[in-house]
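Here are the chains, one letter per residue:
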There are 4 protein chains.
Amino acid sequence: MKVIVDLCVVPMGVGVSVSKYVALCEKILTEAGLKTRLHAYGTNIEGEYDQVFAAIRQCHEQVHAAGAPRISTTIRMGTRTDREQTMADKIQSVEDKLTK
Amino acid sequence: MKVIVDLCVVPMGVGVSVSKYVALCEKILTEAGLKTRLHAYGTNIEGEYDQVFAAIRQCHEQVHAAGAPRISTTIRMGTRTDREQTMADKIQSVEDKLTK
Amino acid sequence: MKVIVDLCVVPMGVGVSVSKYVALCEKILTEAGLKTRLHAYGTNIEGEYDQVFAAIRQCHEQVHAAGAPRISTTIRMGTRTDREQTMADKIQSVEDKLTK
Amino acid sequence: MKVIVDLCVVPMGVGVSVSKYVALCEKILTEAGLKTRLHAYGTNIEGEYDQVFAAIRQCHEQVHAAGAPRISTTIRMGTRTDREQTMADKIQSVEDKLTK
């Protein structure tokens, strides 16, 4: 099952600067062979369900191992059976309507 | 890895009434042996990461099979290494502060 | 515009125990005259849009004032024009399907 | 109060193609003078709390007016009092760690 996911990992108990933990997650996702795109409040991910959620599990394990005692993550996940759609398709689809 | 999750599955392309799909997910989660508690905008789930996300995968697969061509789901997921905490503990912890 | 909201406020930079900040938000929401129901990963809220988001603004302001330098909040918000629906209706609607 | 928000509006009861409604929201946000950036699963928004949530209210009202009888939206919202931070700063902060 192909999924498009938006992931936002919030480490707690490590002060206000959390970008090093977010960068760690970016590396894990990329090394897992997933297509990703970072934005200002999360990361878009495209891939197979099992592969994506194995990588997200790794993010939590490694962010804990890097010193964060608590993590609160939010995930949006889209699946569809009517047609294939990539992250780029989704953006293009909105932008087409904007220029009309 | 133990997780506390809050899951909200939104089927698209099937009209405005989606409670039968939510009920289907409740059954899947319960039959997977997970502890759950339904609220007005999602379901709290407590369990092992792999077990929880295998069940969420099943929710998507079966909601598609039941006729929804598209699904947009949101998930909150909490993990912590400092101590064990159940869903009931989390609520109790807030309620203790409210009565003070 | 009537809304059903699910609110989860995550204070950052104040350690791992955040229940006192969540309790503070509960008090703000209740004193604002909103109908609320606490669950293990957030709070259901029912009310008028302007009233709900004035109260959520107060939550952020007072959680900052109570010592949290950073807050990452997630909100689900539902509106519908086809019919009126309360938080209790939403739960009942799913439970009706479960017992069938 | 300055906020960085990530908004994802999901119209229900209008079939599987919702990009025209997302484009409508983009226009509303831009015309409200807000800084926005579209991604594959939502839109980053930067602005003052009251201005941002007045625009989000408009999104719901106009998406309903355009034909969607039900909407389920998710919002992430960040505020901080320790320092000013833009959407671009947040991305830069992570990318700095990635190149090290």
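What you see is a predicted model; the values in this text were computed from it and never measured. (Residues numbered from 1 in each chain as written. Chains lettered and ligands numbered in written order. Predicted model: local features only at pLDDT ≥ 70, side-chain atom pairs only at ≥ 80, totals over all residues. Heavy atoms only, no water.)

Asker: Looking at this structure, how should I read the packing of aromatic side chains?
Answerer: Geometry of an aromatic ring pair is reported as the spacing of the ring centres plus the angle between the planes. Going through the model one piece at a time under the given rule, you end up with 6 aromatic pairs over all chains. Considering the side-chain rings of A:Tyr49 and A:Phe53, the 4.5 Å spacing of their centres and the 35° angle between planes classify their relative orientation as tilted. Placement of the pair is A:Tyr49 and A:Phe53 together in helix α2 (residues 49-65), with a separation of 4 residues, close to one helical turn. Here A:Tyr49 matches A:Phe53 in class, with each residue buried. Above the ring of D:Tyr41, the side-chain terminus of A:Lys90 is found at 3.9 Å from the ring centroid. (Phe/Tyr/Trp six-rings, centres within 6.5 Å; stacked < 30°, edge-to-face > 60°. Helix = DSSP H or I, 4+ residues; strand = E, 2+ residues; numbered from the N terminus. Buried < 20%, exposed > 50% of the residue type's maximum accessible area, 1.4 Å probe, protein only. Lys NZ or Arg CZ within 6 Å of the ring centre and 35° of its normal.)

Asker: What exactly am I supposed to notice about the pattern of salt bridges here?
Answerer: A side chain of one charge can pair with a side chain of the opposite charge when the charged atoms of the two come close. Within the structure shown, the criterion is met by 24 salt bridges over all chains. Across the pair B:Asp50 and A:Arg57 runs a salt bridge, and its minimum N-O distance is 2.9 Å. Residue B:Asp50 is found in helix α2 (residues 49-65), and its partner A:Arg57 is found in helix α2; the two belong to separate chains. Salt-bridge contacts for B:Lys2 lead to B:Glu46; the nearest nitrogen and oxygen are separated by 3.7 Å. Residue B:Lys2 is found in strand β1 (residues 2-12), and its partner B:Glu46 is found in strand β3 (residues 42-48); the two are separated by 44 residues along the sequence. Classification of B:Lys2 as partly exposed rests on a relative accessible area of 35%. Note on B:Glu46: relative accessible area 10%, which makes it buried. When salt bridges with common partners are traced through the structure, they connect A:Asp6, A:Arg76, D:Asp6 and D:Arg76 into a single cluster. (Salt bridge = Lys/Arg side-chain N within 4 Å of Asp/Glu carboxyl O.)

Asker: Explain the relation of the copies chain C and chain A here, please?
Answerer: Mapping between the two copies of the chain is achieved by a rotation about an axis and a shift along the axis. Least-squares fitting of chain C to chain A yields an RMSD of 0.0 Å, with the transformation described by 0.0 Å of translation along the axis and a rotation of 180°. Interpreted geometrically, this transformation is the action of a two-fold axis. Residue by residue, 100% of the interface of chain C is reproduced at the interface of chain A, so both copies engage with the same surface. (Least-squares fit on C-alpha atoms with pLDDT ≥ 70 in both. Contact = heavy atoms within 4.5 Å.)

Asker: Which parts of the structure should I look at to understand the pairing of β3(B)?
Answerer: Where a strand is regular, its side chains alternate between the two sheet faces. All names here are of chain B. Of all the 7 residues making up β3, 6 are buried; the element is thus mostly covered by neighbouring parts of the structure. Note: β1 against β3, 6 bridges, orientation antiparallel. If you follow leucine 7 over to β3, its bridge partner there is threonine 43. Taken together, the 5 bridges between strand β2 (residues 35-39) and β3 define a ladder with antiparallel strand orientation. Its bridge partner lying in β3, threonine 36 is registered against isoleucine 45. Taking the residues that link successive antiparallel strands as the turn, the β2-β3 hairpin has 2 residues. (Pairing = 2+ DSSP bridges.)

Asker: Just checking my understanding: could you explain the interface of chain D and chain A for this structure?
Answerer: Interface size is commonly expressed as the accessible surface area that is lost when the partners come together. Residue-level contacts link 35 residues of chain D with 35 residues of chain A. At the boundary of chain D with chain A, total buried surface from both sides reaches about 2,800 Å², with 60% on carbon and sulfur atoms. Interface area lost by chain D to chain A is led by D:Ala40, D:Tyr41 and D:Arg76, which between them contribute 29%. Taken together, chain D and chain A are joined by 2 salt bridges. Residue A:Asp6 pairs with D:Arg76 through a salt bridge whose shortest N-O separation is 2.7 Å. Where chain D touches chain A, the interface holds 21 residue pairs in polar contact (both at pLDDT 80 or more). Of the residues forming the side of chain D that touches chain A, the biggest block, 8 residues, is contributed by helix α3 (residues 87-99) of chain D. Considering only residue class, the side of chain D that touches chain A consists of 16 nonpolar, 7 polar and 12 charged. (Buried area = accessible area lost by both parts, 1.4 Å probe. Polar contact = N/O pair within 3.5 Å; in protein donor to acceptor, adjacent residues only side chain to side chain. Nonpolar A, V, L, I, M, F, W, Y, C, P; charged D, E, K, R; others polar.)

Function-wise, these values are silent; they only describe arrangement.
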